[in-house]
Amino acid sequence: MRNAPLMPKATAVWLVENTSLTFDQIADFCKLHPLEVKGIADGEVAAGIRGHDPITSGQLTREEIEKAEKNSGHRLHLSVSKVVVPEVKKARGPRYTPLSRRQDRPNAILWLVRNHPELKDAQIMRLVGTTKTTLKAIRERTHWNSAALTPMDPVTLGLCSQIDLDFEVNRAAKDKPATVEDHGQTLVPASVTTSPRPEPSTTEDVFGKAKPAAPQDDEDHFDADRVFGRLKDIDFGE
């Protein structure tokens, strides 16, 4: 419909009333069905619609119409506008939620808060179309209906699409700082375990260094003469 004229039905009414163009030519120019154009000519379609002159609006030239009237196979072409109208970008407001789904919005918010805690408040507000006050009340369990709330997937409820939800989740994951997990002691690399070791050349290399002998205590030294000498002084009796 980008190449269609403004007010196509009104333009078709004017062309039917003021030109000798065929129904197919008018239908092709106005992006209508030929039967619909025929209904306009018979008065069965577009009754009460006032015709719109495409010449005065700069969408069609008189020469283009005359060329098409002489050749039924010629297609009408829109005139190129000399004035460039800048496209007005609409400010993106909160997502509209149907009335039938607004009662399920707190359940969807609770589901997002529990299953995707990485989402920011602004992201949840964009997905579900809620307010910051309601979101804060559900987070802090101060909502008037907190006891009856049940977590429900917003995609299943029709509050947002799966593409929008995945986009916001991936975006939140990218903004979250990466955490390095400590896996504890790991295996020694193969380059260390398979590296060639020098062959032993001495006894110490094979069995290791001998431990120094422990000093002997006085109690371990046994003097037989002194022990039996004491027995001579003892009187056992006869």
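Here is what the cut-offs are and how they apply
Residues numbered from 1 in each chain as written. Predicted model: local features only at pLDDT ≥ 70, side-chain atom pairs only at ≥ 80, totals over all residues. Heavy atoms only, no water. Helix = DSSP H or I, 4+ residues; strand = E, 2+ residues; numbered from the N terminus. Buried < 20%, exposed > 50% of the residue type's maximum accessible area, 1.4 Å probe, protein only. Contact = heavy atoms within 4.5 Å. Arc of directions from axis to C-beta. Axes fitted to C-alpha atoms, helices over the stretch in contact; angles between N-to-C directions. Parallel < 35°, antiparallel > 145°, perpendicular 65-115°, else oblique. Left-handed = near helix turned anticlockwise from the far one by under 90°. Nonpolar A, V, L, I, M, F, W, Y, C, P; charged D, E, K, R; others polar. Core = buried A, V, L, I, M, F, W, Y, C linked by side-chain atoms within 4.5 Å. pLDDT = per-residue confidence, 0-100.

Peer 1: Help me out: how do you make sense of the overall build of the protein chain in this one?
Peer 2: In terms of helices and strands, the protein chain carries twelve helices and zero strands. Starting at the N terminus and ending at the C terminus, the protein chain contains elements arranged as α-α-α-α-α-α-α-α-α-α-α-α. By the burial criterion, 26% of the 238 residues in the protein chain qualify as buried. Considering only contacts in the protein chain between residues 6 or more positions apart, those separated by 24 or more positions represent 60%.

Peer 1: So what exactly am I meant to see when it comes to helix 4 (residues 62–70) here?
Peer 2: For an α-helix, 3.6 residues make a turn, and residues three or four places apart therefore share a direction. Of all the positions in helix 4, only E64, I65 and A68 are classed as buried. Seen end-on, helix 4 carries its buried residues on one side only, within an arc spanning 100°. Away from its buried face by more than 90 degrees, helix 4 exposes E63 and K70. Buried positions along helix 4 lie against helix 1 (8–18) and helix 2 (23–30).

Peer 1: I would appreciate a short explanation of the packing of helix 1 against helix 2 in the present structure.
Peer 2: When two helices pack together, their arrangement is given by the angle between the helix axes and by the axis-to-axis distance. One can describe the packing of helix 1 onto helix 2 by two numbers: an axis separation of 10 Å at closest approach and a directional angle of 155°. Taken together, the axes of helix 1 and helix 2 lie roughly antiparallel to each other. Handedness of the crossing formed by helix 1 with helix 2: right-handed. Of the residues in helix 2, those touching helix 1 at P8, T11, A12, L15 and V16 are I26, F29 and C30. Taken together, the residues of the contact of helix 1 with helix 2 sort by class into seven nonpolar, one polar and no charged.

Peer 1: Just to check I follow, could you spell out the environment of L76 for this structure?
Peer 2: For L76, the location among the structural elements is in the loop between helix 4 and helix 5 (105–115). You can call L76 buried: its relative accessible area is 6%. Not counting the four nearest positions on each side in its chain, L76 is found in contact with L21, F29, L60, E64, I65 and A68.

Peer 1: When you look at the side chain of E168 in this model, what are you seeing that I'm missing?
Peer 2: With respect to the element layout, E168 can be found in helix 9 (residues 162–175). Since its relative accessible area comes to 6%, E168 is described here as buried. Not counting the four nearest positions on each side in its chain, E168 is found in contact with L119, Q123, R126 and L127.

Peer 1: It is not clear to me how the nonpolar core should be interpreted in this structure. Could you clarify?
Peer 2: One broad trend across soluble globular proteins is that nonpolar side chains are buried collectively. In this structure, I109, L112, L119, I124, L127, V128 and L165 are the most contacted members of the largest nonpolar core, which totals 19 residues. With six residues, the top contributor of residues to this core is helix 5. If we ignore the near neighbours within four places in the chain, the residues touching L112 are P117, L119, I124, L127, V128, P154 and L165. Within the second largest apolar cluster, 17 residues are counted, among which are A27, C30, L60 and A68.

Peer 1: What's the story with the confidence of the model for the protein chain in this structure? I'm lost.
Peer 2: The predicted coordinates of low-pLDDT regions are not to be read in fine detail. Averaged over all residues, the pLDDT of the protein chain equals 79, while 65% of them reach at least 70. Mean pLDDT per element in the protein chain: helix 10 (residues 190–193) is the minimum at 62, and helix 5 is the maximum at 92.

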